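Understanding the architecture of this molecule
What follows is each chain in one-letter form.
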Amino acid sequence: MENLKIDGARLWDSLMEMAQIGATEKGGVNRLALTDLDRKSRDLFTRWCEAAGCTVTYDAIGNMFARRPGRDESLPPVMTGSHLDSQPTGGKFDGAYGVLAGLEVVRALNDADVETDAPVEVVVWTNEEGSRFAPSMVGSGAYAGVFDLEESLAIQDRDGNTLGGELQRIGYKGEGCGNRPATAYFEAHIEQGPILEDQKQTIGVVSGAQGQRWYEITLTGRESHAGPTPMAVRRDALVGAASIVTAVNRIGHDFQPGACATVGMIESSPNSRNVIPGEVFMTVDFRHPDDDRLAAMNDALRAAAEEAAAANTLELDFNQIWSCPATVFDADCVGAVRKGAEIGGYAHMDIVSGAGHDAVYMAKVAPTGMIFVPCEDGISHNEIENATSEDIAAGCQVLLHAILDRAGGH
Ligand code: GLV
Ligand code: MN
Ligand code: MN
């Protein structure tokens, strides 16, 4: 089994073909969750998996499961996968890599006529990015019982469309959600940061992921004319927002080492050049590997938001919409990934994930591990996101070994 090889060229070709769906001019992908483009990517995944002999099903939140039977169908499956939705200016690899690496493992097992003891399932999780429907990792979170199914289906995008309605519309609403044991879950992903490239390592053996909190803040002041309204009487919501943006950045620096702090979305209303902004909606993304430090960042943000509102006579609506504590992956699965890197002879190191992944929620219901490969200049959530075909193949080869380790193969 140690000699079994995935086909790196086939994996690369599949990645490039998938990247045609929602391709952007700058070489990236815009495939927001539950859009028509998401449907097209799901249709293509289904075609490929059925051609590889898998049975494809989907659950009530649209998570997809492509099952390759095992010798013993009573054994819980070894699952692997990631997501096919992207950021609005996303790359070709974030998510699609983990899904298509899983498919390539199935194809390689087929080519070599290998029967695993446990079934293998390749999973596509719904709405991992949280870009259209906040928060992140909704499909895997609902599957793991972290999110209530009905509440998840009721999440709205900024245009008022519900996640459940859009899921119906694209035809991927199935039955049931979660409550199914898994022997293990593995997810391959680009690192999305610079560490592996800097350290000249091919494989990141992921030991866990840092904690995250997401916030939505609305500041309400008073719209008025930009000319006749004296500075002293203004209630300018954008000025309050500006001081929150600055505070978020300061908190990120104050809580080093480890903190990340971002205002990623800001909507100023009415957004007219000669009207003083009456309302601003903004989001904050906080991350830290230490949950106590993350809680302290929360307190600092709340204080800064209250101060900004008071200083500009604004009403403040402050909501923490999501909290996901730091995660430690299963020692045996982490060990299986490390062993896979050793079998393949790849330079490897242990690493903590800075990004959120569906593996974080799968870790709540199954022994879980992740495999990282480097990406160019550590850049992701950007259309220029890139990785070498050699590294992409190496990560998939490690995934194959890790899956065989847990599923048992003959
Ligand atoms: C998911 O892409 C994240 O925000 O980490
Ligand atoms: Mn991802
Ligand atoms: Mn992402």
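Provided above is the structure to which this section pertains.
Summary of the structure given here. (Residues numbered from 1 in each chain as written. Chains lettered and ligands numbered in written order. Predicted model: local features only at pLDDT ≥ 70, side-chain atom pairs only at ≥ 80, totals over all residues. Heavy atoms only, no water.)

This part covers the packing of aromatic side chains. Overall, the coordinates contain ten aromatic pairs when judged by the stated rule. Note on tryptophan 214 and tryptophan 322: the rings are 5.1 Å apart at their centroids and 80° apart in plane angle, and the pair reads as edge-to-face. On the criterion of sequence distance, the pair formed by tryptophan 214 in strand S7 (residues 211-220) and tryptophan 322 in strand S13 (residues 315-324) is long-range, its members being 108 residues apart. The same class applies to tryptophan 214 and to tryptophan 322, which are both buried. Grouping aromatic residues by their ring pairs yields a cluster made of Phe65, Trp125, Tyr143 and Tyr185. Looking at arginine 42, its charged tip hangs above the ring of tyrosine 172, at a distance of 5.3 Å from the centre. The ring of tryptophan 48 has arginine 107 lying over it, and the distance from NZ or CZ to the ring centre is 5.4 Å. (Phe/Tyr/Trp six-rings, centres within 6.5 Å; stacked < 30°, edge-to-face > 60°. Helix = DSSP H or I, 4+ residues; strand = E, 2+ residues; numbered from the N terminus. Buried < 20%, exposed > 50% of the residue type's maximum accessible area, 1.4 Å probe, protein only. Lys NZ or Arg CZ within 6 Å of the ring centre and 35° of its normal.)

Geometrically, a metal with four donors at the corners of a regular tetrahedron has ideal angles of 109.5 degrees, and one with six donors at the corners of a regular octahedron has ideal angles of 90 or 180 degrees. In the first shell of the manganese ion (ligand 3), the protein supplies Asp94 (OD), Glu129 (OE), Glu129 (OE) and His381 (NE2), at 2.1 to 2.4 Å from the metal. Read in sequence order, the donor residues for the manganese ion (ligand 3) give the motif D-x34-E-x251-H. The two metals, the manganese ion (ligand 3) and the manganese ion (ligand 2), are separated by 3.6 Å and share aspartate 94 as a common coordinating residue. With aspartate 94 in the loop between strand S3 (78-83) and helix H3 (96-111) and histidine 381 in the loop between strand S16 (368-373) and helix H12 (389-407), this residue pair connects regions lying 287 residues apart in the sequence. (Donors = N, O, S within 2.8 Å, 3.2 Å for Na, K, Ca; no water.)

Among the structural elements, glutamate 385 can be located in the loop between S16 and H12. Within the buried set, glutamate 385 has no salt-bridge partner at all; the shortest N-O distance to an opposite charge, 7.9 Å, is to lysine 92. A polar contact is formed between the side chain of glutamate 385 and the backbone nitrogen of lysine 92, at a distance of 3.3 Å. A distance of 2.6 Å separates the side chain of glutamate 385 from the side chain of serine 380, its partner in a polar contact. When residues no more than four places from it in sequence are discounted, the contact partners of glutamate 385 are Gly91, Lys92, Phe93, Asp94, Ile190, Ile379 and Ser380. (Lys, Arg positive; Asp, Glu negative; His and termini not counted. Salt bridge = Lys/Arg side-chain N within 4 Å of Asp/Glu carboxyl O. Polar contact = N/O pair within 3.5 Å; in protein donor to acceptor, adjacent residues only side chain to side chain. Contact = heavy atoms within 4.5 Å.)

Membership of the largest hydrophobic core comes to 96 residues, with the highest contact counts inside it found for Met18, Phe45, Met79, Tyr97, Phe186 and Ile392. Looking at this core, the element that brings in the most residues is H12, giving eleven residues. Residues contacting phenylalanine 45, with those up to four places away along its chain left out, are Met18, Met64, Ala66, Leu84, Val99, Val122 and Val124. Within the second largest apolar cluster, 23 residues are counted, among which are Phe255, Ala308, Leu314 and Phe318. (Core = buried A, V, L, I, M, F, W, Y, C linked by side-chain atoms within 4.5 Å.)

Our focus in this paragraph is the site of ligand 1. Close to ligand 1 lie Glu128, Glu129, Arg287, Ala355, Gly356 and His381, which account for all nearby residues. Within the side chain of arginine 287, an N or O atom sits 2.7 Å from an oxygen atom of ligand 1. For ligand 1, the protein covers 95% of the area, taking 200 Å² as the surface of the free molecule. Across the shell around ligand 1, the residue classes tally to one nonpolar, two polar and three charged. (Near = heavy atom within 4 Å. Areas by Shrake-Rupley, 256 points an atom, 1.4 Å probe, with all protein chains shown as cover. Nonpolar A, V, L, I, M, F, W, Y, C, P; charged D, E, K, R; others polar.)

Next up on the list: the environment of valine 106. The residue valine 106 is located in helix H3 in this model. What makes valine 106 buried here is its relative accessible area of 0%. Spatially, the C-alpha atoms of valine 106 and isoleucine 21 are 22 Å apart, while their sequence positions differ by 85 residues. Excluding its chain neighbours within four sequence positions, the residues that come into contact with valine 106 are Ala52, Cys54, Arg68, Val120 and Val122.

Our next topic: the pairing of S3. Looking down a regular strand, the side chains alternate between one sheet face and the other. Among the six residues that make up S3, six are buried, leaving the element largely enclosed by the rest of the structure. Residues Val78, Thr80 and Ser82 of S3 are buried on one face, and the alternating residues Met79, Gly81 and His83, pointing to the opposite face, are buried as well. Bridge count between S3 and strand S4 (residues 120-125): six bridges; the pairing is parallel. Among the inter-strand pairings, threonine 80 is bridged to a residue of S4, identified as valine 122. In this region the chain leaves S3, passes through H3 and returns to the parallel neighbour S4; the handedness of that crossover is right-handed. Bridge count for S3 against strand S5 (residues 184-190) is three bridges, and the pairing is parallel. Across the sheet, threonine 80 pairs through a bridge with phenylalanine 186, a residue of S5. (Pairing = 2+ DSSP bridges. Right-handed = clockwise from strand over helix to strand, strands pointing away.)

On to the coordination of the manganese ion (ligand 2), then. Protein coordination at the manganese ion (ligand 2): the donors are His83 (NE2), Asp94 (OD) and His189 (NE2), at 2.0 to 2.3 Å from the metal. Going along the chain, you hit the donors of the manganese ion (ligand 2) in the pattern H-x10-D-x94-H. In this structure histidine 83 comes out as buried when scored by relative accessible area, which is 0%.

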